[in-house]
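For reference, the chains in residue letters:
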Amino acid sequence: RDWDTQALAPCHLVDLMWHAHVSDLNNYLHDCMLLCEGHVVDRNPDLVMDRAAYKERAATTRDALASRFGKYYDAELWMDELD
């Protein structure tokens, strides 16, 4: 629940979904308020430009997902062509 602890990176398919969701800003903000305890999940597209940092965030994301969801974590979905 610490919203400032880790910088994570979505896989390509999740990033596409995020783009679509953010483009409907009112609903995106509403969903963030409902699902994220009043926090808006920020997205900084410039972060992908630093490939080394992106790879580190992507690995951190995959580790966190595997830890949280165990056998339900879809490793193939979360492998990214940017890695």
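Residues numbered from 1 in each chain as written. Predicted model: local features only at pLDDT ≥ 70, side-chain atom pairs only at ≥ 80, totals over all residues. Heavy atoms only, no water.

> Can you explain the environment of tryptophan 18? Please cite residues and give values.
Relative to the helices and strands, tryptophan 18 resides in helix H1 (residues 12-23). Between the C-alpha atom of tryptophan 18 and that of tyrosine 28, which follows or precedes it by ten residues, the distance is 9.1 Å. Not counting the four nearest positions on each side in its chain, tryptophan 18 is found in contact with Pro10, Tyr28, Val41, Asp42 and Arg43. At a separation of 2.9 Å, a polar atom in the side chain of tryptophan 18 contacts the side chain of tyrosine 28. (Helix = DSSP H or I, 4+ residues; strand = E, 2+ residues; numbered from the N terminus. Contact = heavy atoms within 4.5 Å. Polar contact = N/O pair within 3.5 Å; in protein donor to acceptor, adjacent residues only side chain to side chain.)

> Quick one: what's the story with the packing of aromatic side chains, residue by residue and with numbers?
Scanning all chains against the criterion turns up zero aromatic pairs. Looking at arginine 68, its charged tip hangs above the ring of phenylalanine 69, at a distance of 5.1 Å from the centre. (Phe/Tyr/Trp six-rings, centres within 6.5 Å; stacked < 30°, edge-to-face > 60°. Lys NZ or Arg CZ within 6 Å of the ring centre and 35° of its normal.)

> Explain empty space enclosed by the protein to me, using residue names and the numbers behind them.
Enumeration over the complete set of coordinates arrives at one cavity of 30 Å³ or more. Counted as a void, the largest cavity has a volume near 30 Å³. Ala9, Pro10, Cys11, Tyr54, Ala58, Thr61, Arg62, Trp78 and Asp80 together form the lining of the largest cavity. Counting residues per element, the lining of the largest cavity draws most heavily on helix H3 (residues 51-69), which supplies four residues. Class assignment of the residues belonging to the lining of the largest cavity gives a composition of six nonpolar, one polar and two charged. (1 Å grid on protein atoms, 1.4 Å probe; cavity = no way out; pocket = protein on both sides within 12 Å on 5 of 7 lines; lining within 4 Å. Points joined across faces, edges and corners; volume = space filled by probe spheres on them. Nonpolar A, V, L, I, M, F, W, Y, C, P; charged D, E, K, R; others polar.)

> Could you give an account of the environment of aspartate 74, with specific residues and numbers?
Tracing the backbone shows aspartate 74 in the loop between H3 and helix H4 (75-78). When the C-alpha positions of aspartate 74 and arginine 62 are compared, they lie 9.4 Å apart, and in sequence the two are twelve residues distant. Here the side chain of aspartate 74 touches leucine 77 through a polar contact of 3.1 Å, landing on its backbone nitrogen.

Remember that the coordinates give geometry; whether it matters functionally is a separate question.
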